Amino acid sequence: MPPQLSIVAPVYNEAGNLERLVAETHDSIGAAGLDYELILVDDRSTDGSRDELVELATGNERLRALSLERHAGQSAALLAGLRAARAPLVVTMDADLQNDPADIPDIVALLEDHDVVSGVRVTRRDTLPRRLASRVSNLVRRWFLGDPCTDIGCALKGYRSHVLDDLPAFNGLHRFLPVLALRHGGGYAEIPVGHRPRTSGASKYTLRGRFLRGILDLCGVSWYRRRAVSTTAYSLESSTCHSSRPRTSG
């Protein structure tokens, strides 16, 4: 039987964080009484993260450890986890422990009435250049796309699984996931969440690389949103129409 909640996190060189991540998630979600699965997707780490995931998954029926065939980036790892998710509700987060799993139950509660719930970091634990770059990129993205998300850099977000169907696969997807999930409409909400300093591992963030890619991605996503079509089909063989989608929206 599918769980109530799937939690998905990409992993790249996060050895030293994973055991604590699994333990904190279990404590937070278990305390809320939710049946869940934790899907951690290794993006071909080079620091032993993959072996650590295999060890942590041994005997832990809630942890599903996946690995990409080759190093393909954060978006590829995230999308692989989303496609593997079995629950009607999905929460995404980072594996670096800067997201607090204790915020997940509040996101799940908002998903009762919304299709997408986005965390907004109350106190940023980043450098000043990174905070300034994030503020500028958020303003540009929201203006250009009409994106309601005010803090796309916060990976802690929740979705009803049906809005994640048929997502386009491209490098950079993770920065546009909320607006793409809402491309056919739906309810949106935001919630303040914590943000913790990194205690292990190194950030994979680079200002120059993100800026150059971001300009091209904005144009591509804008084009896709204008051209995207819904492929949901309904049966006409009975007086009451039923969606042919195999999953429910919760």
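Quick summary incoming for the structure in this document. These numbers come from a predicted model, not from an experiment.

**A word on the pattern of salt bridges**
Okay, so step 1: In total, this model carries seven salt bridges according to the counting rule given.
Okay, so step 2: One salt bridge in this structure joins Asp35 and Arg62, with 2.9 Å as the shortest N-O distance. Of the two residues, Asp35 is situated in the loop between α1 (18-31) and β2 (36-42) and Arg62 in the loop between α2 (49-57) and β3 (63-67); the sequence distance between them amounts to 27 residues.
Okay, so step 3: In this structure, Arg64 and Glu37 form a salt bridge, with 3.0 Å as the shortest nitrogen-oxygen distance. Taken together, the residues Arg64 in strand β3 and Glu37 in strand β2 connect sequence positions 27 residues apart.
Okay, so step 4: Owing to a relative accessible area of 24%, Arg64 belongs among the partly exposed residues under this scheme.
Okay, so step 5: We classify Glu37 as buried; its relative accessible area is 1%.

**Overview of the sheet that holds strand β1 (residues 5-11)**
Okay, so step 1: In space, the seven strands of this open sheet follow the order β3-β2-β1-β4-β6-β5-β7, with mixed pairing throughout. Edge strands, defined here as strands with exactly one partner in the open sheet, are β3 and β7 (188-193). Between one strand axis and the next, the sheet turns by 20 degrees as a mean value, whatever way the strands run.
Okay, so step 2: Judged from the four bridges that link them, β1 and strand β4 (residues 89-92) form a sheet pairing that is parallel. By the bridge assignment for β4, Ser6 is matched with Val90.
Okay, so step 3: Each of β1, β2 and β3 is contacted by α2, which is oriented at about 150 degrees to β3, the strand it contacts most.

Calculation notes
- Residues numbered from 1 in each chain as written.
- Predicted model: local features only at pLDDT ≥ 70, side-chain atom pairs only at ≥ 80, totals over all residues.
- Heavy atoms only, no water.
- Salt bridge = Lys/Arg side-chain N within 4 Å of Asp/Glu carboxyl O.
- Helix = DSSP H or I, 4+ residues; strand = E, 2+ residues; numbered from the N terminus.
- Buried < 20%, exposed > 50% of the residue type's maximum accessible area, 1.4 Å probe, protein only.
- Pairing = 2+ DSSP bridges.
- Axes fitted to C-alpha atoms, helices over the stretch in contact; angles between N-to-C directions.
- Contact = heavy atoms within 4.5 Å.

Read these as spatial facts, not as claims about activity.
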